[in-house]
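A structural walkthrough
As a plain string of letters, each chain reads:
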Amino acid sequence: MRWTDVLDIAIELDEVHPGVDPLTVNFVDLRNWVIALDDFDDDPDKSGEKVLEAIQMHWIEERE
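Computed from a prediction, not measured in an experiment: that's the story for all the values here. (Residues numbered from 1 in each chain as written. Predicted model: local features only at pLDDT ≥ 70, side-chain atom pairs only at ≥ 80, totals over all residues. Heavy atoms only, no water.)

This part is about the overall build of the chain. The helix and strand tally for the chain stands at three helices and zero strands. Taken from N to C terminus, the helices and strands of the chain fall in the order α-α-α. Against the globule reference of 11 Å for 64 residues, the chain gives a C-alpha radius of gyration of 10 Å, in line with a compact fold. Based on the C-alpha atoms only, the size of the chain along its principal axes is roughly 30 × 20 × 15 Å. Looking at the 64 residues of the chain, the share that counts as buried comes to 34%. For the chain, the proportion of contacts with a sequence separation of at least 24, taken over those separated by at least 6, is 75%. Of the roughly 4,000 Å² that the chain leaves accessible, carbon and sulfur atoms contribute 48%. Taken together, the 5 basic and 18 acidic charged side chains of the chain have centroids lying 8 Å from each other. (Helix = DSSP H or I, 4+ residues; strand = E, 2+ residues; numbered from the N terminus. Rg over C-alpha atoms; globule rule 2.2 N^0.38 Å. Buried < 20%, exposed > 50% of the residue type's maximum accessible area, 1.4 Å probe, protein only. Contact = heavy atoms within 4.5 Å. Areas by Shrake-Rupley, 256 points an atom, 1.4 Å probe, with all protein chains shown as cover. Lys, Arg positive; Asp, Glu negative; His and termini not counted. Charge placed at Lys NZ, Arg CZ, Asp CG, Glu CD.)

Structure representation (structure tokens):
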């Protein structure tokens, strides 16, 4: 996965962190969690606030 795969990342985060409310996750932790995903293979420095925000929004939608 790459940073542009925001929906896939959100699905994976939901599976790896099922008890976590996405609204309570700060962007520093979110970035670290994405980088730690087994399928993630992109430059960690290419993330930005907009990408992290998109991941968080998709993660919230996955919970609904």
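Attention now goes to the nonpolar core. With 14 residues, the main nonpolar core has Ile9, Leu13, Leu30, Val34 and Ile55 as its most contacted residues. Those elements that provide at least two residues to this core are α1 (6-16), α2 (27-36) and α3 (49-63). Tallying contributions element by element places α1 first for this core, with four residues. With residues near it in sequence (within four places) discarded, Leu13 still touches Leu30, Trp33, Val34, Leu37, Ile55 and Trp59. (Core = buried A, V, L, I, M, F, W, Y, C linked by side-chain atoms within 4.5 Å.)

It is worth stressing that arrangement in space is one thing and function is another; only the former is reported here.
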